[in-house]
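# Understanding the architecture of this molecule
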Amino acid sequence: MSAEHEIARLRELLNQHNYRYYVLDDPQLPDVEYDRLWRRLLELEQQYPELVRDDSPTQRVGAEPVGQLHPVQHEVPMLSLENVFDHDGLCGFDRRVRQRLGIEGELEYICEPKLDGVAVSLLYRQGVLERGATRGDGANGEDITHNVRTIPTIPLHLLGTSLPDLLEVRGEVYLPWVGFESLNEQARALQEKVFVNPRNAAAGSLRQLDAGVTAQRPLQMCCYSVGRVLGATLPERHSEVLDYLNHWGFRINAETEVVHGVDGCASYYEHLAARRDTLGYDIDGIVYKVDSLALQDALGFTSRAPRWAVAKKFPAQEQLTRLLEVEFQVGRSGAITPVARLEPVFVGGVTVSNASLHNRDEVNRLGVRTGDTVVVRRAGDVIPQVVSVVSDQRRGDSGEIRFPESCPVCDSPVQQDAAVLRCTGGLVCAAQLKESIKHFASRKAMDIDGLGDKRVAQLMELGLIGSVADLYRLMAETLAGLEGMGEKSAHNLVDAIAHSRDTSLPRFLYALGIPQVGPATAQGLARHFGSWRALQAASLEELQAVEDVGPVVAAHVRCFLDSPDAMQVVKKLRDAGVNWPSAKTRETADEPLQGATWVVTGSLDNFSREQAKAALEGLGARVVSSVSSKTSAVLAGREAGSKLKKARQLGIPVMDEQALLELLSAQGGG
Ligand code: I6G
């Protein structure tokens, strides 16, 4: 087939699939096949740029760029919420509500995380998405229909049968941390401006004129209320309205919960605040609403906000502080990172005294100097960042940040590698060696407890370890008596190291610290090749046959396998007894769902979606988002909707949460 024909065929196939996947919610191609076709089209288009057409799915998702964003008037104003900042404020709200209603006893409140994103209104007429708009000033927003259409969690058609004639749904469009980090990583690699925080990134993405740009941003939307409805009767409680919305195809925040009284609100707050770092997206508080819609009606609105709702805000995630000086840290790959030493400041619930400045480009972009007043942001468990400089507070004694001309640890020459300054010392550099040993011992690698930063530094300084293989020669008698190490901890460490000898090929591969080989890639390589011997013999092309391994990763792996020094370390490790069962025995022993494709749908009691996905992947399954004839099974929780229906239509086995718990406990993981 000629390239022209093949490109045309792939374009047609992928466009068909896009239509079925996003518009009809009825994918026919499994995700892997879709990705393969996409990569093939991209490859051909790169080879024959003269054959690239505007309607190719690789070029743009959505409609033609719009000329400008048009104003939109909200029929029902999008109000704001009253804020409280502490428990007394919350008690005051509860008291006022009960006084107004003349109720002495406890009220039922619905608690929802307040996502830190962009408030959006979606208008559906006869079930079809007609318009998406920003909140703007509450009365007037902007038309962003072309952009909201690219967000997969926003249905283009409502699901179900008895649909309202008109429905206006409100919610928050936001960018999860993983998406934010990867956007900024890309921006840094391309030496483009980075986003200050996920909210700004979401806002900027929604105001794009070209929906093709927005489609590249992994935005999500959670809905939290109905602005208007015609031709349908809503239920009696807000919690039930959310269930309706969920059935119509909208995502509702999984942390939403109904509680009793102000005490229930307070314990929900404590519970969620403690888990804030693990949610995967920014929230800036909790919204409490009176659950009964009749009581909401009785309470009504002030001119700005509903009387039946309040937001309790979390401590700010951004604060001002002073940059005292900049130190340079050398990482596992030799990358030299400027780290800002800050005047300690309480931000995002912890005291922060260091923040990453990433690289030279970032320092230039910020225009930061020592002594400057800077905005520091800490969100989730992400390393604190300096996001901007308050330049009008610059003092006369501010100083230029000078990058080192040789490695600050081993004095080897440095190399500028795109945006990254790199030490060329390799494992001769104590910093790189220390980081490699820590990585080798880390939880997802060889999982050796007790080898933290200080301990590894100490063992290296004493000359007890000069490579990861030396760990297996450490003896409790040598360790006992070292500073900070009693007999018991010496034995514990030696035992932990000994235990790590029995490992798996994916863990071992990951532990070796091959550039760009994370746990998932290591898993893919191990699964594909099954043995170290087969991996070692793999050509670049064979390596690229592994899912998610492209030319860059394949070259890193090959380069590692071709390095005599690296192979010497591997040999020493194997001589020291590091071993793993052959792929077959592991598959049957640890991965009963090997080769199976699962879909998770509905709300589960014991797992979040992410946890269920991780558990299934741990059992060897691939977890995808849509049901097709290739799906092996569906894990369905409460209120499972269209995916469950489709699984039933296709005769695909449907499992409940109990089945997953049983599978996990059979593996000893449950
Ligand atoms: O701005 C908001 C964020 C979250 C809201 C809201 C919300 O519920 C979870 N709910 C209402 C009713 C309003 N603003 C006006």
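About the thresholds
- Each chain carries its own residue numbering, running from 1 in the direction its sequence is written.
- Where local features are concerned, this predicted model is filtered to residues with pLDDT of at least 70; where side-chain atom pairs are given and counted, the filter is 80 or more; whole-chain, interface and lining totals use all residues.
- Side-chain numbers come from the whole structure's heavy atoms, not from hydrogens or water.
- One speaks of a salt bridge when a side-chain nitrogen belonging to Lys or Arg is within 4 Å of a carboxyl oxygen belonging to Asp or Glu.
- By definition, any uninterrupted DSSP run of H or I lasting at least four residues is a helix, any uninterrupted run of E lasting at least two residues is a strand, and each is numbered from the N terminus.
- Whether a residue is buried, partly exposed or exposed follows from its accessible area with a 1.4 Å probe, protein chains only, as a fraction of its type maximum: under 20%, in between, or over 50%, in that order.
- Strand pairing is assigned whenever DSSP identifies at least 2 bridges connecting the two strands.
- Note on geometry: axes are lines fitted to C-alpha atoms, helical ones only across the stretch in contact, with angles between N-to-C directions running from 0 to 180 degrees.
- Every residue pair with non-hydrogen atoms within 4.5 Å of one another is taken to be in contact.

Charged atoms that come close allow side chains of opposite charge to pair. All chains considered together, the criterion is met by 32 salt bridges. Residue Glu75 pairs with Arg228 through a salt bridge whose shortest N-O separation is 4.0 Å. With Glu75 in the loop between strand 1 (71–73) and strand 2 (82–84) and Arg228 in strand 8 (residues 220–230), the pair connects residues that are 153 residues apart, well separated along the chain. Of the residues examined, Arg228 reaches a relative accessible area of 22% and is grouped as partly exposed. Asp397 is paired through a salt bridge with Arg395; the nearest N and O atoms lie 3.2 Å apart.

Strands sit in the order 2-11-10-3-9 across an open sheet of 5 strands; the sheet is mixed. Every interior strand has two partners, whereas the edge strands, strand 2 and strand 9 (257–260), have only one. Ignoring which end each strand starts from, the neighbouring axes of this sheet average 35° apart. Pairing of strand 2 with strand 11 (residues 309–313), which is carried by 3 bridges, proceeds in the parallel orientation. Opposite Val84, over in strand 11, you have Lys312 as the bridge partner. Strands strand 2, strand 3 (108–115), strand 10 (283–290) and strand 11 of the sheet are contacted by helix 3 (residues 87–101), whose axis makes an angle of about 175° with strand 11.

On to the sheet that holds strand 8, then. On the basis of which strands lie adjacent, the open sheet formed by 4 strands has the order 5-4-7-8 and antiparallel pairing. A single partner strand is all that each edge strand has here, and the edge strands are strand 5 (128–134) and strand 8. Between one strand axis and the next, the sheet turns through 25° on average, direction left out of account. Taken together, the 8 bridges between strand 4 (residues 118–125) and strand 7 (residues 166–174) define a ladder with antiparallel strand orientation. Counted as the bridge partner of Val118 is Val173 from strand 7. Along the sheet, helix 8 (residues 238–248) makes contact with strand 7 and strand 8, crossing strand 8 at roughly 110°.

Keep in mind that these numbers describe shape and distance, not what the molecule does.
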